[in-house]
Amino acid sequence: MMNRFPSGIFGLDRLIEGGFRDKTANVIVGSSGTGKTTFAIQFIMHGIENGEQGLYISLEEKPKQIMEEAALMGFDMEKHYEESLFFIHLKGENFKKMIEEQLPALVKARSDYLIKTRIVVDPLTPVIWATDDKLQQRELIGKLFYTVKNLGVVVATVEEHTKPGETIGEDVLTPVYLSDGVLHLDYYPVGGAFNRTLQILKMRGTKHGEGVYPFIFVRGAGIVVRSTPLETKEEEKKDYSKVFDEAIETAKMLKAQPNVIMKIENIKKWWNYPYSPEEIIEIIFDSYGLKVR
Ligand SMILES: Nc1ncnc2c1ncn2[C@@H]1O[C@H](COP(=O)(O)OP(=O)(O)OP(=O)(O)O)[C@@H](O)[C@H]1O
Ligand SMILES: [Mg+2]
């Protein structure tokens, strides 16, 4: 198997054949507050905890701010600051100079360095906004990716502003096109445990999961993707039928209408999802006013 670098995002690696490929640029797209920075920090910290180095290119916040926010999420970045975790903080708008001069020099200086480096650009958005000229935008981002990819795996975050009905915002098409992998984060502010999702839009050279995967934030761990394996074992399926049988028993005990019981039997017949139907049954019971206790 090809050399893969585990993302550090729990549940993601099994959807991308074990991790990111070396020397690839991966873009995390999502609107504000969807978890892009969390993803980036989790990715870079995973490498550092495994003896790799990290280069965090920030175009907005100062290193101190980033590390403070990381600490609130349960990541101790300070411990590795300037030992294995390095920052490039770019203020102002001299991206062109950074991308064309500073970065190549830095990469060259590290080129005979054997320790693997993970690179984060968070957020890449200011580079996109630096120019209205699409061609120049492409040149800048293309050059940036090309340069830092030499060091290892790159994760760049891009803020998007989608219009209704758009899968991906027009403003992020350039980095999406120029990258090797694209992950899309979404947030549906509708309450409930699984109101955040992750989708893999592309991953060059990788057979990747094609679902919409719910994820949660766990303080101290970061993002945990609920990427249940595609195939369920037979025993597990039998367990589920037991869950249905118990539900039907209970429904009968509660004097449920025959059509309600038929409905549950019908769901049982079609249930081939790799997770327990308990929550669904609860919702259905509740909808028909069936109180278990
Ligand atoms: N441990 C946690 N528990 C609950 N929620 C969390 C946790 N960590 C992060 N969040 C939520 O995720 C949100 C934003 O996370 P993050 O900063 O990673 O998003 P972002 O996409 O980078 O946002 P922006 O576009 O503003 O940079 C926070 O507003 C917070 O509500
Ligand atoms: Mg952010």
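What counts, and at which threshold
Here the residue index of a chain counts from 1 through its sequence in written order. Chain A is the first chain written and ligand 1 is the first ligand written, with later ones labelled in order. At least 70 in pLDDT is required for a residue's local features to be given in this predicted model, at least 80 for side-chain atom pairs to be given and counted, and no such filter applies to totals for whole chains, interfaces and linings, which use all residues. Two strands are said to pair when DSSP picks up at least two bridges between them. The helix count covers DSSP runs of H or I at least four residues long, the strand count covers runs of E at least two residues long, and both are numbered beginning at the N terminus. The axes used here are C-alpha line fits, helices contributing only the stretch in contact, and every angle between their N-to-C directions lies in the interval 0 to 180 degrees. Angles below 35 degrees are treated as roughly parallel, those above 145 as roughly antiparallel, those between 65 and 115 as roughly perpendicular, and all remaining angles as oblique. The crossing is said to be left-handed when, going from far helix to near helix, the turn is anticlockwise and less than a right angle, and right-handed when the turn is clockwise. Residues are treated as contacting if the C-beta atoms built from their backbones sit within 7 Å of each other. In the scheme used here, Gly and all other residues not listed as nonpolar or charged are polar, with Ala, Val, Leu, Ile, Met, Phe, Trp, Tyr, Cys and Pro taken as nonpolar and Asp, Glu, Lys and Arg as charged. By definition, a residue lies near a molecule or strand provided its backbone-derived C-beta atom is within 6 Å of it.

Draft legend 1. The arrangement of the pairing of strand β11 (residues 222–225) in detail. Here four bridges tie strand β10 (residues 212–218) to β11, and the two strands are oriented antiparallel to one another. Directly across from Phe217, in β11, lies its bridge partner Ile223. The antiparallel hairpin formed by β10 and β11 contains three residues in its connecting segment, where Gly220 sits at a positive phi of about 95 degrees.

Draft legend 2. Main features of the packing of helix α3 (residues 95–109) against helix α5 (residues 134–148). Between α3 and α5, whose axes approach to 10 Å, the crossing angle comes to 15 degrees. Considering the angle they form, α3 stands roughly parallel to α5. In this structure, α3 meets α5 at a crossing whose hand is left-handed. Within the contact between the two elements, α3 uses Phe95, Lys96, Ile99, Glu100, Leu103, Pro104 and Val107 and α5 uses Leu140, Lys143, Leu144, Thr147 and Val148. Residue classes in the contact of α3 with α5 are distributed as eight nonpolar, one polar and three charged.

Draft legend 3. Looking closely at the site of ligand 1. Taken together, Gly30, Ser32, Gly33, Thr34, Gly35, Lys36, Thr37, Thr38, Met73, Glu159, Phe217 and Arg219 are the residues near ligand 1. For the shell around ligand 1, the leading source of residues is helix α1 (residues 36–49), giving three residues. Residues that form the shell around ligand 1 fall into these classes: two nonpolar, seven polar and three charged.

Draft legend 4. Main features of the sheet that holds strand β9 (residues 196–203). Strand order across the open sheet formed by nine strands is β5-β4-β6-β7-β3-β8-β9-β10-β11, with mixed pairing between neighbours. Here the strands that pair on one side only, and so sit at the sheet edges, are β5 (85–89) and β11. The mean inter-strand angle of the sheet, taken between neighbouring strand axes irrespective of direction, is 25 degrees. As paired elements, strand β4 (residues 53–58) and strand β6 (residues 117–122) share six bridges and run parallel to each other. Across the sheet, residue Tyr56 finds its bridge partner in β6, namely Val120.

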